Each structure stands twice: as C-alpha cells, then as structure tokens.
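Residue strings, one per chain:
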Amino acid sequence: MKNRAQLVLTAAAVVAVALAPAVFAYLQLGYSADVAASGDYDAPVGNAQRVLSRGVHGAADGVPSSYRWNRREAAISAVRASLRPTIGALRSSRVESGTVYRVAYNRSAAQAWADERCAATRGPNRQFGACEASRGVVVQNRTGETHVLAAAFDVQVTTERGRSEATMIVPYDDG
C-alpha cells in the first residue's frame with residue numbers, strides 16, 4: 001500500500017513538472033480575449049441606456065399631476081432640469097477608468113419618434129390628444145394633462161478601444 005501511494009505521488013509530481021513550462025509561458029505571454037466578442041464591449045453604451053432610462057422615469061413621474069397641457073413647456077423644462085444631475089453623473093461616472101460619456105438631447109430624433117408613434121394614439125375613439133416634441137422631450141395631451149412619452153439623446157462613448165456613438169430614444173413607461 002505504501003509503494004502504491006509513493007507511485008501516485010511520483011506520478012503527480014511528474015505531471016506538475018510537465019505542466020510548469022506551459023503555465024509559465026501562459027503567464028509571460030498573457031492572454032487577452034477578443035474584446036469585440038466579449039460581453040463587455042458594448043457595456044458602456046448599454047450602461048448609458050440604463051442610466052438614462054432610470055433618469056427619464058424619475059424625471060417624468062408626477063408630471064401629469066403637476067402640469068396641465070397649456071403648461072407643457074414648463075413641464076419639459078422641469079423634466080430637463082430633473083435629468084441634469086443624471087446626465088452629469090453619467091458624464092463623470094467612469095472617467096477614472098478611461099471611459100468618457102458625452103450626452104446631448106437630440107431634437108430631430110424626438111420629433112421623428114413623435115411623428116411616427118403619436119398618430120396611432122390619436123383619433124375619434126382615443127382619449128389622447130396632440131403630441132409635441134420640444135428640446136428633445138416628447139409630451140402628449142391626455143385629458144388636458146401633460147404626459148411625458150420619451151426623451152431622445154445622442155450619446156458618445158470614448159474608451160481606450162475607440163469611440164461609439166448612439167442615438168437613444170428613451171420611452172417613459174408609466175404602467
């Protein structure tokens with residue numbers, strides 16, 4: 001039994017010695033996965049989408065009870081003011097790790113989104129009224145109250161790997 005244990009121990013030592021050069025070569029050469037194929041490659045853009053989505057939801061919540069349709073420009077100003085800290089936090093969130101965000105409202109994307117989607121919500125059998133896109137925020141008249149539907153942003157992300165640009169329409173889901 002003792003000889004058998006020594007034989008197993010000797011075999012383990014031989015295998016360890018045989019694998020040592022491969023381990024050292026791996027450590028010296030280093031290993032870098034294909035960055036474009038990894039899940040982290042698009043992470044900064046996805047991160048911006050998540051942050052802006054939470055920000056729009058927080059900024060739009062409560063707008064209908066506070067702003068009648070005739071005060072829709074004030075509602076849009078309030079939404080943008082409420083989003084200012086979120087956008088500022090996103091811009092400075094990962095600077096130390098080499099990721100820089102630039103965020104701006106996209107007025108034309110907001111208008112295009114409103115033109116495409118609002119026509120389907122109006123009509124003789126619907127209670128929703130006109131939509132308006134102003135300063136990158138889309139609002140709709142619903143029984144005389146201002147409802148925020150979406151906000152449009154241009155997001156530019158610069159990392160050590162390069163730069164990505166995306167136009168994001170962030171809908172507000174009040175349901």
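Below is a summary of the structure that appears in this document. (Residues numbered from 1 in each chain as written. Predicted model: local features only at pLDDT ≥ 70, side-chain atom pairs only at ≥ 80, totals over all residues. Heavy atoms only, no water.)

Here helix H5 (residues 107–118) contains 12 residues, and its C-alpha end-to-end distance of 16 Å stays within 8% of the 16 Å for a straight helix at 1.5 Å per residue. Listing the buried residues of H5 in full gives Ala-109, Ala-110, Trp-113, Ala-114 and Cys-118. Each buried residue of H5 sits inside an arc of 135° when the element is viewed along its axis, so together they form one side. Facing away from the buried side of H5 by over 90 degrees, the exposed positions are Ser-108, Asp-115 and Glu-116. Here the buried face of H5 lies against strand S2 (128–134), strand S3 (137–142), strand S4 (145–159) and strand S5 (162–171). (Helix = DSSP H or I, 4+ residues; strand = E, 2+ residues; numbered from the N terminus. Expected span 1.5 Å × (residues − 1). Buried < 20%, exposed > 50% of the residue type's maximum accessible area, 1.4 Å probe, protein only. Arc of directions from axis to C-beta. Contact = heavy atoms within 4.5 Å.)

Here the focus is the environment of Ser-134. Along the polypeptide, Ser-134 turns up in strand S2. Remark: the alpha-carbon pair of Ser-134 and Asn-106, spanning 28 residues in sequence, is separated by 9.8 Å. Aside from chain neighbours lying at most four places away, what touches Ser-134 is Glu-73 and Ile-76. At 2.9 Å, the side chain of Ser-134 forms a polar contact with the side chain of Glu-73. (Polar contact = N/O pair within 3.5 Å; in protein donor to acceptor, adjacent residues only side chain to side chain.)

Relative to the elements of secondary structure, Asn-141 occurs in strand S3. Here Asn-141 falls in the buried class, since its relative accessible area comes to 18%. For Asn-141, the contacting residues outside a window of four places in its chain are Trp-69, Phe-128, Gly-129 and Ala-130.

Before going further, it helps to examine the pairing of S5. By the bridge criterion, 10 bridges tie S4 to S5 in an arrangement that is antiparallel. Note on S5: the bridge partner recorded for Val-155 is Ala-166. Where S4 folds back on S5, the antiparallel hairpin that results is connected by two residues. (Pairing = 2+ DSSP bridges.)

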